[in-house]
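# Examination of the molecular architecture
What follows is the residue order along each chain.
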Amino acid sequence: MSTTFDQVATIIAETCDIPRDTITPESHAIDDLGIDSLDFLDIAFAIDKAFGIKLPLEKWTQEVNDGKATTEQYFVLKNLSARIDELVAAKGA
Amino acid sequence: MQLEYFHLIDRITDLDIGAKTIAVEAQVPERSSIFEGHFPGHPLMPGVLLIEAMAQTSGWLLIALTNFERMPFLGAVKEAKMRGFVTPGQLLNITAGIVHEGSGFAMTAAKISVGGELKCNATITFRQVAFPNPELRGYMDAMAKRIGFPHQASADD
């Protein structure tokens, strides 16, 4: 069974035409992979569908803009995967 | 339609909040300076305006679903297919439905038919943000009234 990171990496590779082997858990979606906000909507759509969740992008963006969080907390892929796991767990609770 | 003002929707004929679908009508004008250039001797409704009409139709659905709290702005158009010519004077039936409601964005599937014949379709992505100023919000309220937006159909009713 593939990990959440593996699924996310595959989604990013297929959605943004980025070589899969260049995507690591330490990759920052924006700073390292060059994914812009519009492309990230396609990724969010695919993640929402794959995991049956709704990534709270507006909340995350607000937190970053307010200085309450860093982009690394949400857009480094190992952290994004952890957030997804939390959302999936919360849905099943 | 008032092409020069980008008023591409004439009236909402159905808005189903539960099903998250909308249907509108739009009458292509018989005359417009646009047809003088597109094309001389063979006037056609430009495909980009058909896409805009599908986007505006989708936009009204999204405005309804957010109770006029968010303004949808066009983000992406995918799989847009122009399947047949649309000519001056034709009555367009435009429908749209939700493909996905994300956080701060949404995707719709829209299509235009004339007399039951499918003319074009597309999947459209919108960013949804708070109205940037009261002027735009007021304009959209006035436009809603003009096209018969059924306010009783808002999402929190």
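Rules used throughout
Residues numbered from 1 in each chain as written. Chains lettered and ligands numbered in written order. Predicted model: local features only at pLDDT ≥ 70, side-chain atom pairs only at ≥ 80, totals over all residues. Heavy atoms only, no water. Helix = DSSP H or I, 4+ residues; strand = E, 2+ residues; numbered from the N terminus. Buried < 20%, exposed > 50% of the residue type's maximum accessible area, 1.4 Å probe, protein only. Contact = heavy atoms within 4.5 Å. Phe/Tyr/Trp six-rings, centres within 6.5 Å; stacked < 30°, edge-to-face > 60°. Expected span 1.5 Å × (residues − 1). Polar contact = N/O pair within 3.5 Å; in protein donor to acceptor, adjacent residues only side chain to side chain. Pairing = 2+ DSSP bridges.

Before going further, it helps to examine the environment of B:K119. Residue and element names in this part refer to chain B. Tracing the backbone through its elements, the reader meets K119 in strand β6 (residues 117-130). In this structure K119 comes out as buried when scored by relative accessible area, which is 8%. Here the alpha-carbon distance between K119 and V86, two residues 33 residues apart in the chain, equals 7.2 Å. Contact partners of K119, with chain neighbours within four places excluded, come to K81, M82, R83, G84, F85, V86, I112, S113 and V114.

This part covers the environment of B:L136. Here B:L136 lies in helix α3 (residues 134-146). Residues B:L136 and B:I94 lie 42 residues apart in sequence; the distance between their C-alpha atoms is 24 Å.

The next thing to look at is the packing of aromatic side chains. How two aromatic rings sit relative to each other is set out by the distance from centre to centre and by the angle between their planes. Residue and element names in this part refer to chain B. Applying the stated criterion across every chain, the model contains six aromatic pairs over all chains. Look at W60 and F68: their rings are 6.4 Å apart centre to centre, the planes differ by 50°, and that puts the pair in the tilted class. In this pair, the class of W60 matches that of F68, namely buried. For the ring pair W60 and F149, a centre distance of 6.1 Å and an interplane angle of 50° mean the geometry is tilted. Of the two residues, W60 is situated in helix α2 (residues 47-65) and F149 in the segment after α3; the sequence distance between them amounts to 89 residues. Just as W60 is buried, F149 falls in that class too.

Bringing helix α2 (residues 37-51) of chain A into the picture now. Residues and elements named next belong to chain A. With 15 residues, α2 ought to run about 21 Å at 1.5 Å a step, and its terminal C-alpha atoms sit 20 Å apart, in line with that. Listing the buried residues of α2 in full gives F40, L41, D42, I43, A44, I47, D48 and F51. Looking one or two residues past α2, G52 carries a phi angle of roughly 65°, positive in sign.

A few words on the side chain of A:S27. Along the polypeptide, A:S27 turns up in the loop between α1 (4-16) and α2. A polar contact is formed between the side chain of A:S27 and the backbone nitrogen of A:T24, at a distance of 2.9 Å.

Residue and element names in this part refer to chain B. Two elements, strand β1 (residues 11-16) and strand β2 (residues 21-27), share five bridges in a ladder whose sense is antiparallel. Bridged to R11 within β2 is E25. Direction of pairing for β2 relative to strand β4 (residues 91-101): antiparallel, over a ladder of seven bridges. Note that in β4 the partner of E25 across the bridge is N93.

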